[in-house]
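Coordinate analysis (summary)
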Amino acid sequence: MSDLKLRDHLRNEIETLKKAGLYKRERRIESPQGATIQVNGRLVVNFCANNYLGLANHPEIVEAAHEGLRRWGYGLSSVRFICGTQDLHKELETKVARFFGKEDAILYISCFDANGGLFEPLLGEDDAVLSDELNHASIIDGVRLCKAKRFRYKHGDMADLQRQLEEAKGCRFRMIFTDSVFSMDGDVAKLADICELADKYDAIVAIDDCHGTGHLGEHGRGGAELLGVLDRVDIITSTLGKTAGGASGGFTTGRAEMVDWLRNRSRPYLFSNSVPPSLAFAALKALELIDGGKDLRERLGKNTRKMRACLEAAGLTVKAGPTPILPVMLGDAALATRMAERLLEHGIYCIGFSYPVVPQGQARIRLQVSAAHSDEQIEKAIQAFASVGKELGVVK
Ligand SMILES: *Cc1c(COP(=O)(O)O)cnc(C)c1O
């Protein structure tokens with residue numbers, strides 16, 4: 001009976017979501033991920049995957065996954081500390097650490113888990129965590145699990161962060177934690193200023209680099225490299241599920257003792273299965289391609305600059321920022337949804353975002369440019385935006 005009551009309750013909740021226009025319907029894609037995908041039997045150009053370098057389904061990564069499967073098997077049926085650690089996992093951890101110039105790294109099944117398992121082992125009730133208000137949900141959840149005092153500073157507001165660092169002066173450890181790239185706006189945290197404040201207030205700097213790793217910075221070391229502070233950031237969490245091949249896996253990298261402690265105390269690591277060998281092996285290949293990916297990063301930069309310039313020339317408003325995330329600002333939620341639908345009819349796959357994912361009145365279409373987009377695909381998107389923009393009265 002309780003079960004039926006729960007069902008009725010959920011029916012009501014779902015109805016409420018639908019009435020508010022907040023119910024999430026998933027479009028089905030009928031092909032692998034890529035610059036183009038098949039949707040409803042049609043090939044469309046994809047502008048909403050985190051596939052910045054186009055490495056999702058890169059043939060060398062797919063081949064590496066096959067080889068990993070053949071050589072190391074399908075799965076370990078074990079957590080790491082019992083019998084789930086292969087040479088492969090240690091090799092990948094070493095490679096990740098070297099990639100960022102850190103001492104060691106620890107793998108998780110996802111970055112959601114890396115963030116979920118970071119704070120509680122490191123910080124106790126005598127400590128403070130200072131978190132940007134727009135940080136990713138996994139950071140918010142991870143912080144909730146620890147006993148440290150919580151300070152939430154206004155997005156990118158260094159004066160506010162400084163005030164809160166003052167307030168946290170009496171704590172044993174202070175950890176400033178921020179997304180390096182904020183995925184809805186495509187802006188980058190003021191990491192140089194944050195590092196300055198951290199020096200002044202004796203704080204640890206930790207970042208989540210999910211939307212930076214692989215494609216930002218000269219060598220793809222992410223947001224911290226882009227801003228020239230890779231050696232000043234103490235802890236980096238990130239994902240293998242975006243630029244680095246796009247399957248799954250996450251990690252935390254930093255000092256050896258911290259990683260050692262996380263292996264002993266981080267609950268998503270201790271109580272969840274090992275990363276499958278095929279993924280770990282393919283991730284090694286993904287990092288190798290990123291290392292040699294200068295051309296891809298240049299191509300991504302070129303595509304992004306062209307897309308931004310032409311959208312602006314067509315009369316659209318694109319939020320400023322140094323990343324391949326281009327938020328086309330529309331304001332009205334219904335308009336954003338309608339525009340995305342019309343663009344799909346023009347063969348351009350993108351998504352409208354509105355409240356509560358972004359602030360009220362700031363509905364937008366978020367485009368994610370990829371190195372895999374061809375000139376023709378970028379031009380097709382620009383033309384579609386210009387024509388649908390006119391049709392819907394967004395541009396004159
Ligand atoms: C995508 C993302 C995550 C989650 O990464 P997964 O590996 O998919 O769990 C965490 N933080 C940020 C900022 C992200 O963008």
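Residues numbered from 1 in each chain as written. Predicted model: local features only at pLDDT ≥ 70, side-chain atom pairs only at ≥ 80, totals over all residues. Heavy atoms only, no water.

1. Description of the nonpolar core
- Formed by 84 residues in total, the largest nonpolar core has its most connected members in Met-307, Ile-365, Leu-367 and Phe-385.
- Here this core gathers at least three residues from each of two domains, domain 1 (21–53 + 294–391) and domain 2 (59–291).
- Setting aside its immediate chain neighbours within four residues, Leu-367 contacts Phe-47, Met-307, Leu-311, Pro-324, Ile-325, Leu-326, Val-328, Cys-350 and Phe-385.
- By size, the runner-up hydrophobic cluster in this structure holds 21 residues, among which are Cys-111, Ala-114, Val-143 and Val-259. (Core = buried A, V, L, I, M, F, W, Y, C linked by side-chain atoms within 4.5 Å. Buried < 20%, exposed > 50% of the residue type's maximum accessible area, 1.4 Å probe, protein only. Domains from an automatic or database assignment. Contact = heavy atoms within 4.5 Å.)

2. Observations concerning a nonpolar patch on the surface
- Taken together, the side chains of Leu-6, Leu-10, Ile-14, Leu-17 and Tyr-23 make up a nonpolar region of the molecular surface, amounting to roughly 400 Å² of accessible area.
- Secondary-structure assignment places Ile-14 in helix H1 (residues 2–19).
- A relative accessible area of 36% means that Ile-14 is categorised as partly exposed. (Patch = residues over 30% accessible without salt bridge, like charges linked within 9 Å, V, L, I, M, F, W, Y side chains within 5 Å. Areas by Shrake-Rupley, 256 points an atom, 1.4 Å probe, with all protein chains shown as cover. Salt bridge = Lys/Arg side-chain N within 4 Å of Asp/Glu carboxyl O. Helix = DSSP H or I, 4+ residues; strand = E, 2+ residues; numbered from the N terminus.)

3. A look at the domain arrangement of the protein chain
- In terms of domains, the protein chain is made up of domain 1 (21–53 + 294–391) and domain 2 (59–291).
- On a C-alpha basis, the centroid separation for the pair domain 1 and domain 2 is 27 Å.
- Between domain 1 and domain 2, the contact holds 19 residues from the first and 20 residues from the second.
- Of the roughly 1500 Å² buried where domain 1 meets domain 2, counting both sides, 58% is carbon and sulfur surface.
- Interface area lost by domain 1 to domain 2 is led by Asn-50, Tyr-52 and Arg-297, which between them contribute 34%.
- Counting across the interface, domain 1 meets domain 2 through two salt bridges.
- On the surface where domain 1 and domain 2 come into contact, there are nine residue pairs in polar contact (both at pLDDT 80 or more).
- For the side of domain 1 that touches domain 2, the elements supplying multiple residues, two or more each, are helix H14 (294–313), strand E12 (325–331) and strand E15 (363–368).
- Of all the elements, E15 adds the most residues to the side of domain 1 that touches domain 2, at three residues. (Buried area = accessible area lost by both parts, 1.4 Å probe. Polar contact = N/O pair within 3.5 Å; in protein donor to acceptor, adjacent residues only side chain to side chain.)

4. Comments concerning the side chain of Lys-102
- Its location among the elements puts Lys-102 in the loop between helix H4 (87–100) and strand E3 (104–108).
- Buried charge without a partner: Lys-102 forms no salt bridge, and the closest opposite charge is Asp-234, 6.4 Å away.
- Side-chain polar atoms of Lys-102 contact the backbone oxygen of Val-233, separated by 2.6 Å.
- For Lys-102, the residues in contact, after removing those within four places along its chain, are Ala-97, Leu-230, Asp-231, Val-233, Asp-234, Ile-236, Thr-253 and Gly-254. (Lys, Arg positive; Asp, Glu negative; His and termini not counted.)

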